[in-house]
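Notes for the structure review
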Amino acid sequence: YLINFAFFLSISLGALVFLPIMFLTKSSWSIVVRRMIEVVAAVLPLMALMAVPVIILASQIYSWTTPGELESHGMGHKAVFLSQPWFIFRWCLYFVVWTAVSWFFWRNSVKQDDDGDLKLTRRLENYSGFCLLASALTIALAAFDLLMSVDYVWFSTMFGVYYWAGGFVSFFAVLTLMTMGLQNSGRLTKIISPEHFHDYGKLMFGFTFFWGYIAFSQYMLYWYANIPEETAWYLLRFQNGWGNVGWVTLFASFCLPFLGLISRYAKRKRKILAFWAVWIIVAQWINLYWVVMPEFSHSFTISLMDLTGFLGVGGIWFAGITKLATGASLVPVKDPRLDESLRFENA
């Protein structure tokens, strides 16, 4: 449950970060797909409810919840941060921030569909910098709480970016498949063109490289320093069959999609793009499995429960997105840059 909750949460957080970036850069190409991005982010209140089992079962997931555990391993200085009351408070804070940001963009965007007020666009642009900063800081802290604290001895200042980068590239893969699914059902066929799919491909390609850069940088720093309390995290993940999963992660999450998406041809062919979108989603899930499961299983195993958990959590998450999407137009019809987005062409 932890793996699948963290995975689908990361996709919605990827959308949450991309929304203010679109307004800060005054992006025009993405206007026609912005409503889909908004609903992927606006489902975060549902994810707050899905976080409840993690909080309730914290004592079975996080060993630092055991009284005296931190002190017995010389980690008493972390006791203030790693305490259950503060853990619960931080998760409440995270979801308050994420819900406020996501619904701020979604509600104002939907409101503009009715009156076409240009002040709403300026409002979203003016507050995007603050929203991006608030989202980035809370995502980094949430990654520490949700996944890094499973091994409370280990620490990495890059882990928040590592978690977010995986979710960000997965978000673009999901957005690609969502768009194709809508077009296959007869929606948005004359609005979203191969030019927009080309940009999906560029973003998947670019952030595949970015994720690989972050993953390599984190590993290289610990390999170079060779400090026991830092390298133990990686040593655990290269023993008892987990090393093979690590190699699969390297090639599946970075090398192969990097090569597969590097050409312009691949970015403009729907079937090829769909293949790599599915590939990226599966590869990033495997990467998250490799991050979490060695703490609970000394040897590599994968069970039916892992896969049904993916379908269960993912099904609830997608049902929430579908419910939100039916409440408004699939395109922000009165956005001032809509015509420019419809005419968009890649160089």
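Here the structure is shown first, and the text comes after it.
Note that the structure is predicted; figures quoted are calculated from it, not measured.

Criteria and cut-off values
- Residues numbered from 1 in each chain as written.
- Predicted model: local features only at pLDDT ≥ 70, side-chain atom pairs only at ≥ 80, totals over all residues.
- Heavy atoms only, no water.
- Helix = DSSP H or I, 4+ residues; strand = E, 2+ residues; numbered from the N terminus.
- Buried < 20%, exposed > 50% of the residue type's maximum accessible area, 1.4 Å probe, protein only.
- Contact = heavy atoms within 4.5 Å.
- Areas by Shrake-Rupley, 256 points an atom, 1.4 Å probe, with all protein chains shown as cover.
- Lys, Arg positive; Asp, Glu negative; His and termini not counted.
- Charge placed at Lys NZ, Arg CZ, Asp CG, Glu CD.
- Salt bridge = Lys/Arg side-chain N within 4 Å of Asp/Glu carboxyl O.
- Phe/Tyr/Trp six-rings, centres within 6.5 Å; stacked < 30°, edge-to-face > 60°.
- Core = buried A, V, L, I, M, F, W, Y, C linked by side-chain atoms within 4.5 Å.
- Axes fitted to C-alpha atoms, helices over the stretch in contact; angles between N-to-C directions.
- Parallel < 35°, antiparallel > 145°, perpendicular 65-115°, else oblique.
- Left-handed = near helix turned anticlockwise from the far one by under 90°.
- Nonpolar A, V, L, I, M, F, W, Y, C, P; charged D, E, K, R; others polar.
- Polar contact = N/O pair within 3.5 Å; in protein donor to acceptor, adjacent residues only side chain to side chain.

Time to look at the overall build of the chain. A count of helical and extended segments in the chain gives 16 helices and zero strands. Along the first, second and third principal axes, the C-alpha atoms of the chain reach 65 × 40 × 35 Å. Looking at the chain residue by residue over its 347 residues, the buried ones come to 54%. Of the contacts made within the chain by residues no fewer than 6 positions apart, 81% connect residues no fewer than 24 positions apart. Summed over its atoms, the accessible surface of the chain is roughly 15,700 Å², and 69% of this surface lies on carbon and sulfur atoms. Side-chain charges of the chain comprise 24 positive and 20 negative groups, with the mean position of each set lying 11 Å from the other.

Applying the stated criterion to the full structure yields nine salt bridges. Of the charged contacts in the structure, one is a salt bridge between Arg35 and Asp113, with a shortest N-O distance of 2.8 Å. Taken together, the residues Arg35 in helix H2 (residues 34–42) and Asp113 in helix H7 (residues 84–115) connect sequence positions 78 residues apart. Take Asp113: its relative accessible area is 13%, and that puts it in the buried class. Residue Arg90 is joined to Asp145 by a salt bridge in which the shortest nitrogen-to-oxygen separation is 2.7 Å. Here Arg90, found in helix H7, pairs with Asp145, found in helix H8 (residues 118–146); they are 55 residues apart in sequence, far enough to count as distant. Shared partners join several salt bridges into a network, and the residues in it are Arg34, Arg35, Glu38, Asp113 and Asp335.

We now examine unusual backbone geometry. At Lys26, a position not held by glycine, the phi torsion is positive, near 50°. As for its placement among the helices and strands, Lys26 is situated in the loop between helix H1 (2–24) and H2. The exposed category is assigned to Lys26, whose relative accessible area is 52%. Despite not being glycine, Asn226 has its phi angle at roughly 55°, a positive value. Mapped onto the elements of the fold, Asn226 is located in the loop between helix H10 (194–225) and helix H11 (228–236). Its relative accessible area of 56% is what places Asn226 among the exposed residues.

With that settled, the discussion passes to the side chain of Arg237. Looking at where Arg237 falls in the secondary structure, it is placed in the loop between H11 and helix H12 (242–260). Residue Arg237 is classed as buried on the basis of its relative accessible area of 1%. Each residue touching Arg237, except ones within four places of it in the same chain, is listed here: Trp242, Gly243, Trp290, Val291, Pro294 and Glu295.

With that settled, the discussion passes to the packing of aromatic side chains. In this structure the tally under the stated criterion is 58 aromatic pairs. When the centroid spacing of 5.1 Å and the interplanar angle of 25° are considered together, the rings of Phe205 and Phe258 count as stacked. With a gap of 53 residues between them, Phe205 in helix H10 and Phe258 in helix H12 connect regions that are remote in the sequence. The burial state of Phe205 is the same as that of Phe258; both residues are buried. Taken together, a centroid distance of 6.1 Å and an interplanar angle of 75° make the contact between Phe238 and Trp290 edge-to-face.

A separate point is the nonpolar core. Ranked by internal contacts, the top residues of the largest apolar core, which has 113 residues, are Leu9, Tyr62, Trp98 and Leu146. Of the residues forming this core, the biggest block, 16 residues, is contributed by H1. The residues touching Trp98, leaving out its near neighbours within four places in the chain, are Leu9, Leu13, Leu16, Leu44, Trp91, Ser135, Thr138, Ile139 and Ala142.

We now examine the packing of H10 against H12. Here H10 crosses H12 at 140°, and the two axes come no closer than 9 Å. Classified by the interaxial angle, the pair formed by H10 and H12 is oblique. Note that H10 runs across H12; the crossing there is left-handed. For the pair H10 and H12, contact is made by Phe205, Thr208, Phe209, Trp211 and Gly212 and by Thr249, Ser253, Phe254, Pro257 and Phe258, respectively. The residue inventory of the contact of H10 with H12, partitioned by class, reads six nonpolar, four polar and no charged.

Moving on: the environment of Arg34. With respect to the secondary-structure elements, Arg34 resides in helix H2. For Arg34, a relative accessible area of 1% translates into the label buried. When the C-alpha atoms of Arg34 and Pro332 are compared, they prove to be 7.3 Å apart, with 298 residues separating the residues in sequence. Not counting the four nearest positions on each side in its chain, Arg34 is found in contact with Leu19, Met22, Phe23, Ser109, Gln112, Pro332 and Asp335. Among the polar contacts listed, one links the side chain of Arg34 to the side chain of Asp335, at a separation of 2.7 Å.

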